[in-house]
Amino acid sequence: MVNKELIIDDRGKKYLLNKNLDNFGNDLGVVDLVGKEEGSILITNKGGEFYFVTPTIHDIIKKMKRSVTTLLPKDIGLIIAECGIENGETVVEAGTGSAALTIYLANAVGKEGKIITYEKRPEFAKIARKNLEIVGAVRQNQKIIGIDDENEEEIEIVENGLYNVTQKIGDITEKIEEENIDVLVLDMPDPWNVVEHAKKSLNKAKGRIAIYVPYVEQAKKGVEALKEHGFLDIRTVECIVRDIEISEKGVRPSTRMIGHTGYITTARVCPEKVVEYVPKKPKETTEQPEEN
Ligand SMILES: C[S@@+](CC[C@H](N)C(=O)[O-])C[C@H]1O[C@@H](n2cnc3c(N)ncnc32)[C@H](O)[C@@H]1O
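The structure presented is a predicted model; accordingly, all values stated were derived computationally and were not measured.

Undergrad: Help me understand the packing of helix H2 (residues 73-83) against helix H3 (residues 100-109), please; the structure alone is not making it clear to me.
TA: What describes two packed helices is the angle between their axes and the distance between those same axes. At a minimum axis separation of 10 Å, H2 and H3 run at an interaxial angle of 40°. The angle between H2 and H3 places the two elements in the oblique class. Crossing geometry of H2 relative to H3 is assigned as right-handed. The residues of H3 that touch H2, namely those facing Pro73, Ile76 and Ile80, are Ala100, Leu101, Tyr104, Leu105 and Ala108. Here the residues of the contact of H2 with H3 are counted per class, giving eight nonpolar, no polar and no charged.

Below is the structure:
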């Protein structure tokens, strides 16, 4: 549940609004929002149509403030699917950036799961916190671990929030404080410097890692580090998405597309406990000889 509302006008233009606004208008006219329910078509004073609906986290992320470029849904979806991230899992992430990935991860693990997100730049972590507050992934005025000068700005409480994200200031190449984590997701320039800590911190039975990098040289260094530390099931992919235009004239791919964003490498940590093979003893017969 988010503390925003969405209006889509009849040209498809989207407006993300704070809850409890009295009215809203654009060049297509004005509507009164008092007492109006999401899920309604509101007719403007000029006869235009506004579709008044509940925004998804995708709508919110598209409009939120950014410190850095965020991961795109196509890459986020693939990371979540390839790692098989589930309800109730503990995921460690770095760097937080604008928290787009964090928000999707928080939703993937749900209320019973946990996200711990590391960011080395406090000014980015503060922008991320605002974004996380909007979707109810952190509590109102929740501290960012490692920042002393918290501002006490009033933010609306999100009904039924997830509240499952912990933000930390720190350089994840120095250490990962958490143990027994299910998944580590890295969207940062030098993920190969985290692989050794990852090996120690991941749960030995089910620990997975995902690395996102824009350059192929970075992907190669990441894979080399994973191999050096014995990771299993290593796979690198690139996800390319094309919009398809469907009109009365015909169907064709859109002229413009995002050519490249990044490479995603996934792997799982190697178990440590070695169990030697013990040959089975031949079965002893318990049958009694038949009496004559
Ligand atoms: C590309 S951005 C992440 C964007 C984020 N995934 C999103 O969707 O909004 C990379 C972030 O990693 C942070 N970073 C880089 N190296 C780091 C490190 N060693 N430890 C923690 N954060 C780091 C940067 O400051 C930057 O904010």
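Having put the structure on the table, let's press on.
Undergrad: Is there a simple way to explain the side chain of Gln167 in this structure?
TA: On the secondary structure map, Gln167 appears in strand S9 (residues 165-169). When its relative accessible area of 3% is taken as the criterion, Gln167 is described as buried. Side-chain polar atoms of Gln167 contact the backbone oxygen of Ala125, separated by 2.9 Å. Excluding its chain neighbours within four sequence positions, the residues that come into contact with Gln167 are Thr96, Thr117, Ala125, Ala128, Arg129, Leu132, Val138, Ile144 and Ile145.

Undergrad: When you look at the packing of aromatic side chains in this model, what are you seeing that I'm missing?
TA: Geometrically, a pair of aromatic rings is defined through the distance of the ring centres and the angle of the planes. A full pass over the atoms with the stated rule returns two aromatic pairs. Judged by centre distance (4.9 Å) and plane angle (55°), the ring pair of Tyr15 and Phe24 falls under tilted. Looking at Phe24, the relative accessible area reads 11%, which means it is buried. Here the aromatic rings of Phe24 and Phe50 are separated by 5.6 Å at their centres, their planes lie at 55°, and the arrangement is tilted. Taken together, the residues Phe24 in strand S3 (residues 23-26) and Phe50 in strand S6 (residues 49-53) connect sequence positions 26 residues apart.

Undergrad: Quick question: what am I supposed to make of the layout of surface pockets here?
TA: Any empty space left between atoms is shown by rolling a water-sized probe over those atoms. A volume near 670 Å³ is recorded for the largest pocket. Every residue lining the largest pocket is counted, 30 residues in all, and those nearest its centre are Val68, Gly95, Asp187, Met188 and Pro189. At the level of secondary structure, the elements contributing two or more residues to the lining of the largest pocket comprise strand S7 (90-94), H3 and strand S8 (114-119). Within the lining of the largest pocket, the residues separate by chemical class into 14 nonpolar, nine polar and seven charged. Each pocket or cavity is described by its volume, and for the second largest pocket that value is around 170 Å³. Taken together, Leu72, Lys74, Val241, Arg242, Asp243, Ser254, Arg256, Met257 and Ile258 make up the full set of residues lining the second largest pocket. The residue inventory of the lining of the second largest pocket, partitioned by class, reads four nonpolar, one polar and four charged.

What counts, and at which threshold
Per chain, the residues get numbers from 1 upward, laid out in the order the sequence is written. The predicted origin of the model limits local features to residues at a pLDDT of at least 70 and limits the giving and counting of side-chain atom pairs to 80 or more, whereas totals for whole chains, interfaces and linings rest on all residues. Note: side-chain values were computed over all heavy atoms of the structure, leaving out hydrogens and water. Between N-to-C directions, angles span 0 to 180 degrees; the directions come from axes that are lines fitted to C-alpha atoms, helices contributing only their stretch in contact. A helix here means a DSSP run of H or I that spans at least four residues, while a strand means a run of E at least two residues long, and both kinds are numbered starting from the N terminus. For this classification, under 35 degrees means roughly parallel, over 145 means roughly antiparallel, 65 to 115 means roughly perpendicular, and everything else is oblique. Here is the rule for handedness: rotate from the far helix to the near one, and if that takes an anticlockwise turn smaller than a right angle the crossing is left-handed, while a clockwise turn gives right-handed. Contacts are assigned to residue pairs that have any heavy atoms within 4.5 Å of one another. Gly is placed with the polar residues, together with every amino acid not listed as nonpolar (Ala, Val, Leu, Ile, Met, Phe, Trp, Tyr, Cys and Pro) or charged (Asp, Glu, Lys and Arg). Only protein chains enter the accessibility calculation, which uses a 1.4 Å probe; a residue is then buried when its area is under 20% of its type maximum, exposed when over 50%, and partly exposed in between. Here a polar contact is recorded for every N or O atom pair within 3.5 Å, except that within protein the pair must consist of a potential hydrogen donor and a potential acceptor, and residues adjacent in sequence are included only if both atoms are side-chain atoms. In this analysis, rings of Phe, Tyr and Trp, with Trp reduced to its six-membered ring, are considered paired at centre separations within 6.5 Å, and the interplanar angle assigns stacked below 30 degrees, edge-to-face beyond 60, and tilted for intermediate values. Cavities and pockets are defined on a 1 Å grid built over the protein atoms alone: a cavity is a set of grid points where a 1.4 Å probe fits but cannot escape, while a pocket is an open set with protein on both sides within 12 Å along at least five of seven lines, and lining residues are those with an atom within 4 Å of any such point. Grid points are joined across faces, edges and corners, and a volume is the space filled by probe spheres set on the points.

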